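# Overview (structure and organization)
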Amino acid sequence: MTRRFFYGWVVLAAAFVIITMSIGTLFTLGVFLQPIEESMGWSRSGIGAIGLFNWIVMGAGGVVSGFVSDRLGTRRVVLVGAMLLGLGLVLSSYVQDAWQLYVTFGLLVGAGVSAFYVPLTVLAIKWFEGRRGMAASVVCAGNGLGILALAPLTRWLINEFDWRVAFLVLGNLAWVVVLPTALLLRPPAGGQPSGKLPSSSSSLSNAGAQKSPPRSPSGGQSFPALGFDGRSPWASWPFWAIALTHFFCCAAHSGPLFHLVSHAMDQGVPKMAAAGILGASGLTSIFGRIGTGIVADRVGAKHTLLGALSLQAALIFLYLFATSAGALWALSLAFGVAYGGAMPLYALVTRESFGERVLGTAYGGVFFISCIGMGLGSYAGGAIHDLLGTYRWLFLGSFAIGMMAIVLGVTLRTPVAVPVPRPSPAMGA
């Protein structure tokens, strides 16, 4: 008998490719930073503020896209996002004033990318009910490949042509890659959105229960209901515990990551090699994302997250002592594993707390707050460099923020294992 092909693998591959292209473009702003500064005379803090605005738009859009995808489906949301992403990048090649880059890269690109991460992560988790950690981590791993591929490509385009041509090429590439790939997306059987969110009087009142309750790290079964009683997820402490942990985690690593290329060049590293260092962190973040997702399926998301956060804080502190190209390469390879490993775990702890039916809405809110952290870190790095002429205080501040993420991560509650009653022999009659 021929085994039927599981279409979830196609959906997972499509989500990975889309995230690779979209998230990768966000981090190219760090590669554009110095060329735009030299060409237009804008300050690093001013360009970094565009990154802040970009992440805020992306986060707010993530709330909307998560909510809309729960109602209308993921494919429609992603197709709209693809059009906005390509348009924003293409128009960025024509900017003459800073406010125009706020509109093109900050608003349009941010809105476009916001249509991808939350809906695609939620869709992947729905397809892989028994391997949610693996599914979330594979989607998230697209971030790493995007940085690995697009950072050196962008630097090469800037070297060979200029930064305007680089924006133009990236925009057309986004259309060519994302639009046809989005057509492959579809919900699992029985998962077609009805256009309505479940009412609190129905199965939502069962605190997000689904057909087969998730397994606890010990192998037992548990219901994903820590504090959700059918009200808005935003009204519960588990939501804010997850969101604030994610916020501090992103605020800690975004500054060092966004300014890594500029910091390396400040240390005398050649331009192409500096972009390669950022790309290397993206490469190892793939292994971190996939590895922690697999580990979380076995030992639990919370414990895996705390390990990744601890490693991230330690490596940020070590950047204070890395001044040579070799040290920056080695440290960035390890840093990719740390920050990348933490990212897919937030979707898992959110799902454990709120269940599957409102996962898009709940995770969209968590993602929005984390994006504010990403933007603040990017902006703070430029502001600190403009004020003090060094990134040293950025690394010290990021280390302190990373420690706060660990403290908040400890407050996350692990779902309590609730054994499922088994029928006794007498009941079988």
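Residues numbered from 1 in each chain as written. Predicted model: local features only at pLDDT ≥ 70, side-chain atom pairs only at ≥ 80, totals over all residues. Heavy atoms only, no water.

Our next topic: the overall build of the protein. The helix and strand inventory of the protein stands at 16 helices and zero strands. For the protein, the proportion of contacts with a sequence separation of at least 24, taken over those separated by at least 6, is 84%. Of the roughly 16700 Å² that the protein leaves accessible, carbon and sulfur atoms contribute 67%. (Helix = DSSP H or I, 4+ residues; strand = E, 2+ residues; numbered from the N terminus. Contact = heavy atoms within 4.5 Å. Areas by Shrake-Rupley, 256 points an atom, 1.4 Å probe, with all protein chains shown as cover.)

Right, let's get into the nonpolar core. Counting residues in each nonpolar core, the largest one holds 116 residues, and the members touching the most others are F116, L120 and Y346. Counting residues per element, this core draws most heavily on helix α7 (residues 132-160), which supplies eleven residues. Residues contacting Y346, with those up to four places away along its chain left out, are I242, T245, H246, C249, L305, L309 and Y363. (Core = buried A, V, L, I, M, F, W, Y, C linked by side-chain atoms within 4.5 Å. Buried < 20%, exposed > 50% of the residue type's maximum accessible area, 1.4 Å probe, protein only.)

Glancing now at a nonpolar patch on the surface. There is a patch of nonpolar side chains on the surface, built from F53, W99, V103 and L107 and spanning about 370 Å² of accessible area. No other element matches the three residues that helix α5 (residues 98-114) contributes to the nonpolar patch. Along the polypeptide, W99 turns up in helix α5. For W99, a relative accessible area of 55% corresponds to the exposed category. (Patch = residues over 30% accessible without salt bridge, like charges linked within 9 Å, V, L, I, M, F, W, Y side chains within 5 Å. Salt bridge = Lys/Arg side-chain N within 4 Å of Asp/Glu carboxyl O.)

The geometry of an aromatic ring pair is captured by the separation of the ring centres together with the interplanar angle, meaning the angle of the planes. Per the stated rule, a full pass over the model turns up 19 aromatic pairs. For the ring pair F53 and Y102, a centre distance of 6.1 Å and an interplane angle of 50 degrees mean the geometry is tilted. Within this pair, whereas F53 is found in helix α3 (residues 44-72), its partner Y102 is found in helix α5, the two being separated by 49 residues in sequence. A relative accessible area of 28% places Y102 in the partly exposed class. For the pair F247 and F248, a centre-to-centre distance of 5.2 Å together with 90 degrees between the ring planes defines the contact as edge-to-face. Taking relative accessible area as the criterion, F248 reaches 21% and is therefore assigned partly exposed. Feature note: the residues F6, Y7, W9, W127 and F128 constitute an aromatic cluster, connected by ring pairs. Geometry around Y7 places R186 over its ring, the cationic atom sitting 3.6 Å from the centre. (Phe/Tyr/Trp six-rings, centres within 6.5 Å; stacked < 30°, edge-to-face > 60°. Lys NZ or Arg CZ within 6 Å of the ring centre and 35° of its normal.)

The next thing to look at is the confidence of the model for the protein. Chain-level statistics for the protein give a pLDDT mean of 81 and a share of 84% at 70 or above. Across the protein, element-level confidence peaks in helix α8 (residues 163-182) with a mean pLDDT of 95 and bottoms out in helix α14 (residues 345-354) with 81. In the predicted structure, residues 192-229 sits below a pLDDT of 50 and forms 84 contacts with residues beyond four places in sequence or in another chain. Under a pLDDT of 50 for its full length, residues 416-429 has, in the predicted model, ten contacts with residues more than four places off or in other chains. (pLDDT = per-residue confidence, 0-100.)

We now examine α5. An ideal rise of 1.5 Å per residue puts 24 Å on 17 residues; α5 measures up with 22 Å between its terminal C-alpha atoms. Those residues of α5 not exposed but buried are L101, T104, F105, G106, L108, V109, G110, G112, V113 and S114. As for α5, its buried residues are in contact with α1 (8-27), α2 (29-40), α3, α4 (74-92), α6 (117-127) and α8. (Expected span 1.5 Å × (residues − 1).)

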